[in-house]
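Listed here are the chains, written in short residue letters.
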Amino acid sequence: MANKFPYIGRGNQRFFVVTTPAAFNVDNGAGATVDYQLLNVPFDCYLQSVRAIYSEATDTTGAASANFKLGVAAGGATLVGATALEAAKAIGATTSATITLDYLPANTTLWVRHTGVASTEVGQYFVQVVLLPKP
């Protein structure tokens, strides 16, 4: 792919941010899962950060039984293992995930899986991934 722009990104300008296309509902059912395909880029990337951003406040208990993970296959956890959500989080608050493998080869599809809880729990969130194209 030829460089079609005279501009060279520096520092934070080189990062790009991807979020899930819709919010995950914390209480979608015990062990019930929802998968979203985030992206498939034609170049190598490095994961810089992965976090849940709450778009609806979570209840004071129970949300920690739900989790999300990130992988290169639907339901996979190759890049980020199961990360428990947190109780009593306000709108706009975040939960950071631990990245276990930060390299994403070219033409690899990135998937997010949410696993919910059965009890009635308030809360919704998006998963945000910050990527750095390989120089």
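Residues numbered from 1 in each chain as written. Predicted model: local features only at pLDDT ≥ 70, side-chain atom pairs only at ≥ 80, totals over all residues. Heavy atoms only, no water.

Notes on the overall build of the chain
So, step 1. A tally of helices and strands in the chain yields zero helices and 10 strands.
So, step 2. Each helix and strand of the chain, placed in order from N terminus to C terminus, yields the pattern β-β-β-β-β-β-β-β-β-β.
So, step 3. A compact globule built from 135 residues would reach a C-alpha radius of gyration of about 14 Å, and the chain, at 16 Å, matches this within 12%.
So, step 4. A principal-axis box enclosing the C-alpha atoms of the chain has dimensions of 50 × 25 × 25 Å.
So, step 5. Counting all 135 residues of the chain, 37% fall into the buried class.
So, step 6. Restricting the contact set of the chain to residue pairs at least 6 apart, pairs at least 24 apart contribute 78%.
So, step 7. Here the chain contributes 8 positively and 8 negatively charged side chains, and the mean placements of these two sets differ by 17 Å. (Helix = DSSP H or I, 4+ residues; strand = E, 2+ residues; numbered from the N terminus. Rg over C-alpha atoms; globule rule 2.2 N^0.38 Å. Buried < 20%, exposed > 50% of the residue type's maximum accessible area, 1.4 Å probe, protein only. Contact = heavy atoms within 4.5 Å. Lys, Arg positive; Asp, Glu negative; His and termini not counted. Charge placed at Lys NZ, Arg CZ, Asp CG, Glu CD.)

Considering the environment of Glu121
So, step 1. Its location among the elements puts Glu121 in the loop between strand 9 (109–115) and strand 10 (124–133).
So, step 2. For the pair formed by Glu121 and Asn67, sequence separation is 54 residues and the distance between their alpha carbons is 13 Å.

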